[in-house]
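Per-entry structural report
Here's the letter readout for the chains.
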Amino acid sequence: MGVGEAHGKVILLGEHSVVYGRPALAAGLPRGASARAWDAEGESSLHVTPWDVTVTPSDERSLGKAFGVMLEAARVERPVRIEARVDLPGGSGLGSSAALGVAVLRAIDALRGVERDDASALEVSLAWERVFHGNPSGVDNAMSIAGGLAWYVRGEPIERVRTRRAIPLVIGDSGEACSTKITVGEVARQHEKNRERMEKQFDAIAAIVRNGRLAAEQGDLKALGQLFDMNQSLLAGMLISTATLEEMIGVARASGAYGAKLTGGGGGGCMIAVTEDRAGAEKVRAAIEEQCGKRAFVALLGGEAAG
Ligand code: PMV
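Residues numbered from 1 in each chain as written. Predicted model: local features only at pLDDT ≥ 70, side-chain atom pairs only at ≥ 80, totals over all residues. Heavy atoms only, no water.

Overview of the overall build of the protein chain
Rules: Numbering of helices and strands runs from the N terminus, with a helix taken as a DSSP run of H or I at least four residues long and a strand as a DSSP run of E at least two residues long. Here the globule rule is a power law, 2.2 Å times the number of residues to the power 0.38, and the radius of gyration is based on C-alpha atoms. Relative accessibility decides the category of a residue: with a 1.4 Å probe and only protein chains considered, values under 20% of the type maximum give buried, values over 50% give exposed, and everything between is partly exposed. Contact definition: two residues touch when any of their heavy atoms are within 4.5 Å. Only the protein chains shown count as cover for residues, and all accessible areas are computed by the Shrake-Rupley method using a 1.4 Å probe. Charged residues are defined here as Lys and Arg on the positive side and Asp and Glu on the negative side; His and the ends of the chain fall outside this count. By convention, charge coordinates are those of NZ in Lys, CZ in Arg, CG in Asp, or CD in Glu.
A count of helices and strands for the protein chain gives nine helices and 11 strands. Scaling as 2.2 N^0.38, a compact globule of 307 residues should have a C-alpha radius of gyration of about 19 Å, and the protein chain matches this with 19 Å. A burial count over the protein chain gives 54% of its 307 residues as buried. Long-range pairs, those at least 24 residues apart, make up 72% of the contacts in the protein chain between residues at least 6 apart in sequence. Counting only carbon and sulfur atoms, one obtains 48% of the accessible surface of the protein chain, whose full area is about 12900 Å². Here the protein chain contributes 35 positively and 39 negatively charged side chains, and the mean placements of these two sets differ by 3 Å.

Quick look at the structure:
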């Protein structure tokens, strides 16, 4: 049997503009996806918990197509049976499809004794990801493979970001799933219609991301929060925020967060908020749960350079 694991991810700053070559600041989450692989007879199969879906590579559904594309890209010649588990809400901006793809690939590689470097894992998992959304920047896949806190530019290897202090992050799930394909398509439509204006907006976000990296490295969480707010205004201007996300962001700010924004594709999915410390994050988490009736959790990111 082969076993594989992969991280979910959260984008702190720079979603969407990252598709257009601007940088993003992102982090791997401790939870993500896992998979086990066995040799099989006949056709390969993939079963995913908790969705309780089973697909084969000849399946017409996206998951089946992605599985088929992956087996081809990874040159898996003999049939495999995969049992996978996703520990992230789907369509929520936490990179569940990328995490699942990377976990499946790692399980197959472990079963067959393949030693694959990160660049090759990224290439194969991008082939999988393209089935779900046509033009992925690769940030989900890169973070799913690497974990940690990183600076990402499309087509380039990630740069690790070291922070003076851990970043207390609250992640709230609006419970409204939205396909990244839809919001990436919406931004592309606006870009086509008004290229100059959108390029300026992407440049403005790139400046926010650069400042965000400095703030994270220096442990200036207040500045990081202000940059979250600025990034959120620009994302809302691209019409990919929602009333529910705005409500959750408002509650987070009112209960002491330094700043808050949507994360990932938007159009639903998750929001994030940054606070001074863990106690502050727990307070914001509780406020989101009580006042918005939505699920939220706390993650501490980075902090390697602490002490
Ligand atoms: O919604 P998610 O978790 O797939 O995040 C997508 C991030 C985008 O920047 C919106 C798209 C991309 O490919 O980078």
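Further notes follow.
Describing the domain arrangement of the protein chain
Using the following cut-off: Where a domain begins and ends is set by an automatic assignment or by a domain database. Buried area is understood as the total, over both parts, of accessible area removed when two parts are fitted together, assessed with a 1.4 Å probe. What counts as a salt bridge is simple: a side-chain nitrogen of Lys or Arg found within 4 Å of a carboxyl oxygen of Asp or Glu.
Each assigned domain of the protein chain is listed with its residue range as follows: domain 1 (2-159) and domain 2 (163-301). Each of domain 1 and domain 2 was reduced to a C-alpha centroid, and the two centroids are 24 Å apart. Contacts between domain 1 and domain 2 engage 29 residues on the former and 43 residues on the latter. Summed over both partners, the interface of domain 1 with domain 2 buries about 2900 Å², with 69% contributed by carbon and sulfur atoms. Among the residues domain 1 hides against domain 2, the three largest losses belong to L13, H16 and Y20. Together they make up 23% of the total. Counting across the interface, domain 1 meets domain 2 through four salt bridges. The closest approach of N and O atoms between E159 and R213, which form a salt bridge, is 2.9 Å.

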